[in-house]
Amino acid sequence: MGDCKMQKKGWLVLLCLLLVAGAASDHYSSQQERENGQGGVTVTAPFHPQYTSNDIPQSSVDVVARLCNISGFRKQYHTSGSGQHIALIDSGIDLSHEALRDNQNGSTKVIVYRDFTQEGMLYSQAVSVQDNKVAISGTAYYVGNIVNNAQQYRIAFLRLGEIQPKIFPDTEQQLAVLIVAEGAQYDCVYIDTNQNCDFTDETALHCYQEKKEQLTLHSAGYNLNLALTSIAEDGSQLQLTADTLGHGTFLAGLIAANGADYQGLAPQAQLCVYKIFNREGQSSQIQLAQAIRAAILDGADCINLSLSIPKDEAICPELEEMLNQARAANIPLIAAAGNYGPGKNTIAYPARAESVLGIGSYVAPEMYAQDKALMLQKPFITDYSGRGTQDGACAPLLVAPAGMLSTVPAWYSQSYLYDYGTSISAAVVTAAVTHVQEAAKKRNLLISVEQLQDLLASWARDLEFSAAEQGYGALRLGKLPYQTDKILKRDGLRTQTVVYKKEDVLTWQFHISQGQSQSWYVQVEPGMKGLSAIIQIKQQQPSTEQEHLIAMGRCRISLYDPEGSLVEETEYLGASYSREIVTSGAVETQHPSAGIWEIVVTSADNLSQYNHVASEGVLKVELK
């Protein structure tokens, strides 16, 4: 299939990448994907946007910009993201969103759009013309004097049920697609959007790489924006793409939106969009590797990877090679730590790779006050944020704000919604890195990826959590050095932890602030029969029959094995608006494997709704 034009960065890099890509298509490392015929291990990007009490989306961005000192850095170094190309490897983008139109300086917002999924892939057949009509399957379509320099017109059918978002009912409705050659080869399509069997009242849609065109379908009460990302020279194959998940559009907005009422953190940056996620929010390592390869060849300045591969999945060599190629080309890769916390050793791939900037999540009081109308006394590391090991090794480089309002596709009922997770944190750091790269370029500073990591680490604000949880601290941009040799090397991160044994006292009182987690480590010897951890939340007994039991907090308990895998986890217990208040719970396992097990108690982040600021209680661990 003939793809659109591609920039090249040099014969040596090109040759290496082509060799890797050639090997990629035959690699299989997961039974599930072998059955699906996709190749590689599943890559995910969950997206569950929601409404909030904040009706001013820009205020959400402004809070994050102040927390990370992006706003201060912009003023000091006069940066906006101008001239920077950010590779967004995700679910695509809704090009019709008013905040994602071209930049104020006249530059195109989305300069590259490629699709590595099978969604919207169409196969056509040649049809003959008679009386300005073409016929297929007993239906005639009027083509009038539509220019076609090829010998024949070609027709394909777009089944809406295969390209629309999952939130809508499946449909068998099909739209006819006419493929023609305005030039020397097949290069544009007409879609019968109104289904009147007449292509002459439709607008031609060319490959996005050539003419930056788009088309919005109005169907069944929702709008779906399409772009043509590829078309074969002989017209036999083409791909229409859309953001059927919404995750990519959301990240694009918070990074680089440039609307009248909503601007992202780097509003003048340009985006290179690579769709690898389908409407299920799933992809494969091979598709991810192919997208990184394309981003390198397209000349991206940095690559955002707001996605994750569970740490227990095998990593295919093609993906590892692409990460190394990006590092060799001095292109920063910023990846989400994954939403697999709160246990230690839960950081996902590729965030844990040495060549990648792994980013965890935190929440500050200003964020919850603005977006959720919730009161916090102090920041916390989100319970889901992937962590490094208990000694601090393989920790995230740093943590960044975990949630905000941003752009969503037109098929939602709102233009802006709220989402949270390490995906958002990674995107915030991507925008921050864009400002650093722009400022460095103005000073003629060539900063390597390793030096960038050192800079971010030296600027980070200590939130006073363990290195395994926060890395070097919270993202906060600082003063740029005049010379790269002035950038200080990072110190290694280590955390001192206490490991308890069977003969120790295994009962503890706890007091855990809103949103925070606390861990206990227990040594399990070979041959033990069982491990259980019981939690009891403190209670305030009613003084009269008219009063009810009051739980002094709301929390849950999680149990992780020595490999960092979640074994069991309770629901949140304690304070509730229900008449049935449960204040105790337990997690357990039989015949536990030998090693250090972790028990985590997490205090709910919405405690202020129950007039509490912390969860109090007792944890007891039993070893048999």
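Residues numbered from 1 in each chain as written. Predicted model: local features only at pLDDT ≥ 70, side-chain atom pairs only at ≥ 80, totals over all residues. Heavy atoms only, no water.

## Things to note about the overall build of the protein chain
Across its full length, the protein chain carries 12 helices and 36 strands. For the protein chain, the C-alpha radius of gyration of 27 Å lies close to 25 Å, the compact-globule estimate for 624 residues. By principal-axis analysis of the C-alpha atoms, the protein chain measures approximately 90 × 65 × 50 Å. A burial count over the protein chain gives 59% of its 624 residues as buried. Taking contacts inside the protein chain between residues at least 6 apart in sequence as the whole, the part at least 24 apart equals 74%. Looking at the protein chain as shown, the accessible area adds up to about 25600 Å², and 46% of this sits on carbon and sulfur atoms. Side-chain charges in the protein chain split into 45 positive and 66 negative, and the spacing between the mean points of these groups amounts to 7 Å. (Helix = DSSP H or I, 4+ residues; strand = E, 2+ residues; numbered from the N terminus. Rg over C-alpha atoms; globule rule 2.2 N^0.38 Å. Buried < 20%, exposed > 50% of the residue type's maximum accessible area, 1.4 Å probe, protein only. Contact = heavy atoms within 4.5 Å. Areas by Shrake-Rupley, 256 points an atom, 1.4 Å probe, with all protein chains shown as cover. Lys, Arg positive; Asp, Glu negative; His and termini not counted. Charge placed at Lys NZ, Arg CZ, Asp CG, Glu CD.)

## Some remarks on the packing of helix H7 (residues 285-297) against helix H8 (residues 317-328)
Each pair of packed helices gets described by two things: the angle between the helix axes and the distance between those axes. Where H7 contacts H8, the axes come no closer than 9 Å and their chain directions differ by 20 degrees. On the basis of the axis angle, H7 is roughly parallel to H8. Here the hand of the crossing between H7 and H8 comes out left-handed. Across the interface between the two elements, Gln285, Ile286, Leu288, Ala289, Ile292, Arg293 and Ile296 of H7 pack against Glu318, Leu319, Met322, Leu323, Gln325 and Ala326 of H8. For the contact of H7 with H8, a count of residues per class yields 9 nonpolar, 2 polar and 2 charged. (Axes fitted to C-alpha atoms, helices over the stretch in contact; angles between N-to-C directions. Parallel < 35°, antiparallel > 145°, perpendicular 65-115°, else oblique. Left-handed = near helix turned anticlockwise from the far one by under 90°. Nonpolar A, V, L, I, M, F, W, Y, C, P; charged D, E, K, R; others polar.)

## Here's the deal with empty space enclosed by the protein
Counted according to the given criterion, the structure contains 2 cavities of 30 Å³ or more. Lining the largest cavity are Leu376, Gln377, Lys378, Ser513, Gln514, Gln516 and Val613. A breakdown of the residues in the lining of the largest cavity according to their chemical character gives 2 nonpolar, 4 polar and 1 charged. (1 Å grid on protein atoms, 1.4 Å probe; cavity = no way out; pocket = protein on both sides within 12 Å on 5 of 7 lines; lining within 4 Å. Points joined across faces, edges and corners; volume = space filled by probe spheres on them.)

## Quick look at unusual backbone geometry
Of the consecutive residues Gly341 and Pro342, the connecting peptide bond is found in the cis state with omega at 15 degrees. Looking at where Pro342 falls in the secondary structure, it is placed in the loop between strand E19 (333-336) and strand E20 (357-363). Residue Tyr349 is joined to Pro350 through a cis peptide bond whose omega torsion reads 10 degrees. Residue position: Pro350 is located in the loop between E19 and E20. Although it is not a glycine, Ser137 sits at a positive phi angle of roughly 55 degrees. Relative to the elements of secondary structure, Ser137 occurs in the loop between strand E7 (133-136) and strand E8 (139-142). Judged by its relative accessible area of 72%, Ser137 is exposed.

## Thoughts on the packing of aromatic side chains
Within this structure, the stated rule accounts for 14 aromatic pairs. Measuring from ring centre to ring centre gives 6.5 Å for Phe168 and Trp411, while their planes differ by 75 degrees; the resulting arrangement is edge-to-face. Residue Phe168 is found in the loop between strand E9 (153-159) and strand E10 (174-180), and its partner Trp411 is found in the loop between strand E23 (403-407) and strand E24 (416-420); the two are separated by 243 residues along the sequence. Trp411 carries the same exposure label as Phe168, and that label is buried. Aromatic pair Tyr262 and Tyr416: ring centres 4.8 Å apart, planes at 40 degrees, arrangement tilted. (Phe/Tyr/Trp six-rings, centres within 6.5 Å; stacked < 30°, edge-to-face > 60°.)

## So, the packing of helix H4 (residues 70-77) against helix H10 (residues 422-442)
The N-to-C vectors of H4 and H10 enclose an angle of 15 degrees; their axes lie 11 Å apart at closest approach. Classified by the angle their axes make, H4 and H10 are roughly parallel. Crossing angle aside, the handedness with which H4 passes H10 is left-handed. From H4, Ile70, Phe73, Arg74 and Tyr77 reach across to H10, where they touch Val428, Ala432, His435, Val436, Ala439 and Lys442. Each residue belonging to the contact of H4 with H10 can be placed in one class, and the counts come to 7 nonpolar, 1 polar and 2 charged.

## What to know about the side chain of Ser96
Along the chain, Ser96 turns up in the loop between strand E2 (85-90) and strand E3 (110-115). Using a relative accessible area of 18% as the deciding quantity, one classes Ser96 as buried. Among the polar contacts made by the side chain of Ser96, one reaches the side chain of Asp94 at a distance of 2.5 Å. (Polar contact = N/O pair within 3.5 Å; in protein donor to acceptor, adjacent residues only side chain to side chain.)

## A look at the pattern of salt bridges
Applying the stated criterion to the full structure yields 15 salt bridges. The residue Glu162 makes a salt bridge to Arg159 at a minimum N-O spacing of 3.7 Å. Among the ionic pairs, Glu172 bridges to Arg159, the shortest N-O distance being 2.8 Å. In this pair, Glu172 is assigned in the loop between E9 and E10 and Arg159 in strand E9, connecting sequence segments 13 residues apart. (Salt bridge = Lys/Arg side-chain N within 4 Å of Asp/Glu carboxyl O.)

## Digging into helix H11 (residues 449-459)
By the criterion of burial, H11 is predominantly enclosed, with 8 of the 11 residues buried. Residues of H11 that are buried: Val449, Leu452, Gln453, Asp454, Leu455, Leu456, Ala457 and Trp459. Tucked inside the fold, the buried residues of H11 contact H4, H8, E20, strand E22 (398-401) and H10.

## Examining the confidence of the model for the protein chain
Put simply, the protein chain has an average pLDDT of 89, and 92% of its residues get 70 or more. Note that pLDDT drops below 50 for residues 1-41; the model gives that stretch 83 contacts with residues more than four away or on any other chain. (pLDDT = per-residue confidence, 0-100.)

## What about the pairing of E23?
Counting buried positions along E23 yields 5 of 5 residues, so the element is predominantly enclosed. Pairing of E23 with E24 involves 5 bridges; the strand directions are antiparallel. Bridged to Ser406 within E24 is Leu417. (Pairing = 2+ DSSP bridges.)

## Some points on the nonpolar core
With 138 residues, the main nonpolar core has Leu254, Tyr274, Ile292, Val428, Leu456, Leu475 and Leu480 as its most contacted residues. With 11 residues, the single largest contributor to this core is H10. The contacts of Ile292, once residues within four sequence positions are left out, are Ile89, Ile303, Leu319, Met322, Leu323, Ala326 and Leu333. Phe510, Cys555, Ile557 and Val587 belong to the second-largest nonpolar core, a separate cluster that totals 24 residues. (Core = buried A, V, L, I, M, F, W, Y, C linked by side-chain atoms within 4.5 Å.)

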